[in-house]
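Examining the three-dimensional arrangement
The residues making up each chain are set out below.
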Amino acid sequence: MKRGSFVTPLLLILIGVLFLLKNLNPELRIFQFVFDWWPFLLIGWGGLRLLEICVAYFRGAPLPVAGISGGEWTLVVILTLVGSSVWGIQRFSRGDSGWLRVGDIEFFHQTFDYPMDPASKTTSATPRIVIENLRGSVRVIGADAQEVRLTGRKSIRANGSREADAANDSTRLDFTSTGDIVTLRTGHENARDARVRSSLELVVPRGASIEARGRDLDIDIADINGTVDIDCDKAGVRLQNIGGKVRSELRGSDTIRGFDIRGDVELKGRGRDIELENITGQVTISGGYSGETSLRRIARPVRFDSSVTNVRMDGLPGEMRLTLNQLSLEDAAGPVEVRTKSKDVELAGIDGAIKVTTERGDVAIRHSTAPRNPVEVEVKSGNIDFALPSASSLNLRAETARGVIVNDFNSALKEEQSDRGAVLSGALGAGPEVRLKTGRGEVSVRKITPIETGAQTPARKTPVKVEEPKTEKF
Amino acid sequence: MTPFAAFVRAARGPLLLIALGVLMALHRSHDVSFTKTWPVLLILFGLMKLFERLAQRQQFDGEVQP
């Protein structure tokens, strides 16, 4: 007579108990427990089976041919694959938020905090400070000091305090100064599996220059006269009152904010939002940014280059806002050059020549004073709206290959209808050349309304207002 | 087949399972990665096969039964 194994019923009971516990007390992290300790399930399972076989052998009872049947092996393989892949996921996800949700299962690692001993290094008035911190935050403040003062703390997410202690020991801060260079390394790469984040706060001499490198950092730098150089995979950057050049290369920034920077600003890489205000130097932005780029009060030339948009201007006393589908530029010093693939472009109060090239999108240009510089707009598909004071002089040629032309300056400009499009040309006194051309869409050359000239600031609302005079004409 | 040989054969599965559990537990505690230790299972399997043969050899040496 062959007796069945104990193991299968025991497994069923175990699973039942686990689910019951979970149902009775949802707070309990049963699944986490199971996923952490399942190898011991295998050991227990094998041990029980071995015990059974031993008992059968010594009693002289018939032995099974295989201690573990084919079906059981299949189950073991599945359990192993699932269990080890969960570890893999956990290791990847031990990143920012501290938990991961897969279906209804949460995986947690505890976070342990370690304070850092305050430290300081005496330096010259203009030191170069190199900060290497893989993850966490860096906060630098310039002060009237002759030393670099450091405070901070470390938070380590690990699987228990023993692992966290080990990670803390292996990531001792390296804070050294040689000559004019102060180096600060958090040594996170020495922690093998625990995720370490260091929050560093530095008070530095006002003349300091900062160089920060890391993988995932929040960087906040204020009140220094030196340069700032940031090289990071993922970062949030906030700079305020910087005297020198700012250069940053980020592979995935969240937000870059810069206020009151007296040097040039050069931003490279990919990210979401950029906000720059009151920059005395030149601004150069290149890369891909998915959010909103907003620039205000830039004293020197601005260059923005992404794969689909290029914007150039000589200065920006006003404001530029750039999103994925819109560019609005108000009160900029020309020559202004915009080249884009698929965006609505609005320009207002531009002092200087304008050149806009776009494939899809509407272009609106508003001159609140008589234009003095040439304008050239070329659109493949989209409307062009050109508004100017009634007492303007210019030499106009507006054409649409497919669409109509709306002309507010009736008598002086001559309209010729072609096959499906129209051309409007003529001169109003002796003025700059204005070339407006669209492949498909409406071109309107109209007098600017008092509302538009009076309320120049809300540039984003203009498309609605622009439509009004047009509809009145029909 | 002697009862002992049958015992060795039956115990093979549970022992392998225990070994797998131990290796996984070691992997979990991050001491030794399973990607490095898996050949242990092969060695264990081979050893047990060998042991089974030896147990069977005893049978042929000592008994005349087929």
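Everything quoted here is computed from the prediction, not taken from an experiment. (Residues numbered from 1 in each chain as written. Chains lettered and ligands numbered in written order. Predicted model: local features only at pLDDT ≥ 70, side-chain atom pairs only at ≥ 80, totals over all residues. Heavy atoms only, no water.)

**Quick look at the overall build of chain A**
Within chain A, the secondary structure is distributed over 6 helices and 32 strands. Contacts in chain A between residues at least 24 apart in sequence constitute 45% of all its contacts with a sequence separation of at least 6. Working note: accessible area of chain A is about 23,100 Å², and carbon and sulfur atoms make up 53% of it. (Helix = DSSP H or I, 4+ residues; strand = E, 2+ residues; numbered from the N terminus. Contact = heavy atoms within 4.5 Å. Areas by Shrake-Rupley, 256 points an atom, 1.4 Å probe, with all protein chains shown as cover.)

**Some thoughts on the nonpolar core**
If you look at the biggest cluster of nonpolar residues, it comprises 79 residues, and the most contacted ones within it are L276(A), M320(A), L436(A) and V445(A). Looking at this core element by element, the count peaks at 7 residues for strand β12 (residues 228–242) of chain A. Membership of the second largest hydrophobic core comes to 15 residues, among which are L11(A), W45(A), L17(B) and L41(B). (Core = buried A, V, L, I, M, F, W, Y, C linked by side-chain atoms within 4.5 Å. Buried < 20%, exposed > 50% of the residue type's maximum accessible area, 1.4 Å probe, protein only.)

**Concerning the interface of chain A and chain B**
A common way to report how large an interface is uses the accessible area buried once the components associate. Counting residues at the interface gives 31 residues for chain A, matched by 21 residues for chain B. For the pair chain A and chain B, the summed buried surface comes to about 2,200 Å²; carbon and sulfur atoms form 74% of the total. Where chain A packs against chain B, one counts 0 salt bridges. Counting across the chain A and chain B interface gives 0 residue pairs in polar contact (both at pLDDT 80 or more). The dominant element in the side of chain A that touches chain B, judged by the number of residues it contributes, is helix α2 (residues 30–59) of chain A, at 14 residues. Grouping the constituent residues of the side of chain A that touches chain B by class yields 18 nonpolar, 6 polar and 7 charged. (Buried area = accessible area lost by both parts, 1.4 Å probe. Salt bridge = Lys/Arg side-chain N within 4 Å of Asp/Glu carboxyl O. Polar contact = N/O pair within 3.5 Å; in protein donor to acceptor, adjacent residues only side chain to side chain. Nonpolar A, V, L, I, M, F, W, Y, C, P; charged D, E, K, R; others polar.)

**So, the packing of aromatic side chains**
Taken as a whole and assessed by the stated rule, the structure comprises 3 aromatic pairs over all chains. Here Y57(A) and F7(B) contribute two aromatic rings whose centre-to-centre distance is 4.6 Å and whose plane-to-plane angle is 25°, an arrangement assigned as stacked. Residue Y57(A) is located in helix α2, and its partner F7(B) is located in helix α1 (residues 3–28); the two belong to separate chains. On the basis of an interplanar angle of 55° and a centroid distance of 6.5 Å, the ring pair of Y289(A) and F304(A) is categorised as tilted. You can see Y289(A) sitting in strand β15 (residues 283–289) and its partner F304(A) sitting in strand β17 (residues 302–305), a full 15 residues away along the chain. By relative accessible area, which is 10% here, Y289(A) ends up buried. Overall, F304(A) belongs to the buried group, its relative accessible area being 3%. Put simply, the rings of Y57(A), F58(A) and F7(B) touch in pairs and so form one group of aromatic residues. (Phe/Tyr/Trp six-rings, centres within 6.5 Å; stacked < 30°, edge-to-face > 60°.)

**Considerations on a nonpolar patch on the surface**
Residues and elements named next belong to chain A. On the surface, a nonpolar cluster with roughly 680 Å² of combined accessible area is contributed by F6, L10, I13, V17, L21, L48, L51 and V55. Of all the elements in the fold, those that place two or more residues in the nonpolar patch are α1 (7–24) and α2. At 4 residues, α1 tops the list of elements feeding residues into the nonpolar patch. Structurally, the position occupied by L51 is in helix α2. For L51, a relative accessible area of 53% translates into the label exposed. (Patch = residues over 30% accessible without salt bridge, like charges linked within 9 Å, V, L, I, M, F, W, Y side chains within 5 Å.)

**Points about the packing of α2(A) against α1(B)**
Any two packed helices are characterised by how steeply their axes cross, that is the angle between the axes, and by the distance between the axes. Packing of α2(A) against α1(B) brings their axes to within 7 Å, and their N-to-C directions diverge by 165°. Classified by the angle between their axes, α2(A) and α1(B) sit roughly antiparallel to one another. Where α2(A) crosses over α1(B), the handedness of that crossing is left-handed. The residue inventory of the contact of α2(A) with α1(B), partitioned by class, reads 23 nonpolar, 3 polar and 3 charged. (Axes fitted to C-alpha atoms, helices over the stretch in contact; angles between N-to-C directions. Parallel < 35°, antiparallel > 145°, perpendicular 65-115°, else oblique. Left-handed = near helix turned anticlockwise from the far one by under 90°.)

**Remarks on helix α4 (residues 161–170) of chain A**
Looking only at α4(A), the buried set comprises A164(A), A167(A) and N168(A). Buried residues of α4(A), viewed axially, fall in a sector of 100°; they line one side. (Arc of directions from axis to C-beta.)

**Points about the side chain of T171(A)**
Residue and element names in this part refer to chain A. One can find T171 in the loop between α4 and β8 (174–178). A residue is classified by how much of its surface remains accessible, and T171, at 1% relative accessible area, is buried. Excluding anything up to four places from it in sequence, T171 contacts K154, T186, G187, H188, A191 and V196.

**Considering the pairing of strand β26 (residues 384–388) of chain A**
Residues and elements named next belong to chain A. Across the 5 residues that make up β26, a large majority, 5, are buried. With burial as the criterion, each face of β26 is covered, one bearing I384, F386 and L388 and the other bearing D385 and A387. Looking at chain direction, strand β24 (residues 363–366) and β26 are connected through 4 bridges and run parallel. Bridge assignment links A364 to a residue of β26, and that residue is D385. Judged from the 5 bridges that link them, β26 and strand β32 (residues 443–447) form a sheet pairing that is parallel. For L388, the partnering residue across the bridge sits in β32 and is K447. (Pairing = 2+ DSSP bridges.)

**Looking at the side chain of T340(A)**
All names here are of chain A. Position of T340 among the secondary structure elements: in strand β21 (residues 336–342). Reaching out from T340, the side chain makes a polar contact with the side chain of T309 at a distance of 3.4 Å. Residues contacting T340, with those up to four places away along its chain left out, are V308, T309, V345, T357, T358 and E359.

**Overview of the environment of S368(A)**
By the secondary structure assignment, S368(A) is in the loop between β24 and β25 (375–381). Along the sequence, S368(A) and I350(A) sit 18 residues apart, while their C-alpha atoms lie 9.2 Å from each other.

**A word on the confidence of the model for chain A**
Residues and elements named next belong to chain A. Of the residues in chain A, 89% reach a pLDDT of 70 or more, and the chain-wide mean stands at 82. With pLDDT under 50 throughout, residues 93–107 is counted as low confidence; its partners more than four residues away or in other chains account for 34 contacts. For residues 456–474, every residue scores under 50 in pLDDT, and the model assigns this stretch 32 contacts once sequence neighbours within four places are set aside. (pLDDT = per-residue confidence, 0-100.)

**A look at the packing of α1(A) against α2(A)**
Residue and element names in this part refer to chain A. The geometry of α1 relative to α2 is characterised by a closest axis approach of 11 Å and an angle of 160° between their N-to-C directions. Taken as axis vectors, α1 and α2 run roughly antiparallel relative to one another. Viewed along their axes, α1 and α2 form a crossing whose handedness is right-handed. Residues V7, L10, L11, L14, L18, F19, L21 and K22 of α1 form the contact with α2, whose participating residues are I30, F31, V34, L41, W45, L48, R49 and E52. Within the contact of α1 with α2, the residues separate by chemical class into 13 nonpolar, no polar and 3 charged.

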